[in-house]
Amino acid sequence: MYRTPRLFLFAAPLAAVPGRAVAAGMPQLNFHDPLLIGQVVWGAVIFGGFYLGLSRFALPRVERVLTNRRTRIQSDLDVARKAKAEADRASAELLSARHEAAEQARAHVERIQSEARASADAHAAETAKRLEAEIANAETRITQSREQALSSLSEIATSTTQDLVARLIGTQDEQTVASAVKRVSA
């Protein structure tokens, strides 16, 4: 069985509308009326006049406005692209300068640190040299003091022994005490 498309089901009643409209009293759909042909002709003339008026006067103005707008937008976009490229270039230069400055600062800090180390090493060497001289001088003085103390030891021992003997015994025999101290210290 062949099924009729649904479109035809709806189109059939619509095709019957002009006949029913004329029958119901719609004169604009009565194609046998001579006034309808005049209305159609005048409608075409008015439509043609509007078309010519719009195509010659109004639409060119609209086209100029759209062209100007398109041109302005394009030029603004070009300016924006150039500004962005310039900003990107400036940003790259800034990053490069910043990196370069950081490298220079790092080199400067390393140079200052090496100079400080060299200065500290020189100061430490100078201080060590001065301390060695002072130590040598002190050792010399200690040696001299020791030798002096050792040389005067026999005198001190003799004098102390004589005082002790004099207190204990009550007599002083300097010769005997001196010879005894010499025997003991030898």
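Residues numbered from 1 in each chain as written. Predicted model: local features only at pLDDT ≥ 70, side-chain atom pairs only at ≥ 80, totals over all residues. Heavy atoms only, no water.

## Some points on the confidence of the model for the chain
The line we're drawing: Each residue carries a pLDDT score, the predictor's own confidence in it, on a scale running from 0 to 100. For the purposes of this entry, the term helix denotes a DSSP run of H or I that reaches at least four residues, the term strand denotes a run of E that reaches at least two, and both are numbered from the N terminus.
Chain-level pLDDT for the chain is 84 on average; 86% of the residues reach the 70-or-more range. At the level of individual helices and strands, the chain shows its lowest average pLDDT in helix H2 (residues 17-24), which scores 52, and its highest in helix H3 (residues 34-168), which scores 91.

## Some points on the UniProt feature "transmembrane region" (unreviewed entry) in the chain
For the record, the criterion: UniProt positions are given in the numbering used here, feature names are shortened, and annotations may be inferred rather than shown by experiment.
The UniProt record annotates "transmembrane region" (unreviewed entry) at residues 39-59. Within the segment residues 39-59, helix and strand shares are 100% and 0% respectively, and the terminal C-alpha atoms sit 27 Å apart.

## Notes on H3
Quick reminder of the rule: Bend, in this description, refers to the angle at a residue between axes fitted to the seven residues ending there and the seven starting there. Contact definition: two residues touch when any of their heavy atoms are within 4.5 Å.
Along its length, H3 shows its largest kink, about 45°, at Leu54. Buried positions along H3 lie against helix H4 (174-185). Gly170 sits one or two residues past H3 and shows a positive phi near 95°.

## Let's talk about a nonpolar patch on the surface
In plain terms, the rule: What makes a patch is a set of residues exposed beyond 30% relative accessible area and free of salt bridges, joined within 9 Å when like-charged and within 5 Å when nonpolar (Val, Leu, Ile, Met, Phe, Trp, Tyr). In these tables, accessible area is a Shrake-Rupley quantity obtained with a 1.4 Å probe, and a residue counts as shielded only by the protein chains included in the view. Any carboxyl oxygen of Asp or Glu within 4 Å of a side-chain nitrogen of Lys or Arg constitutes a salt bridge here.
Among the surface-exposed residues, Ile37, Val41, Trp42, Val45, Ile46, Phe50, Leu54, Leu59, Val62 and Leu66 lie close enough to one another that they form a single nonpolar patch of about 1,000 Å² accessible area. Locating Leu66 in the fold gives a position in helix H3.

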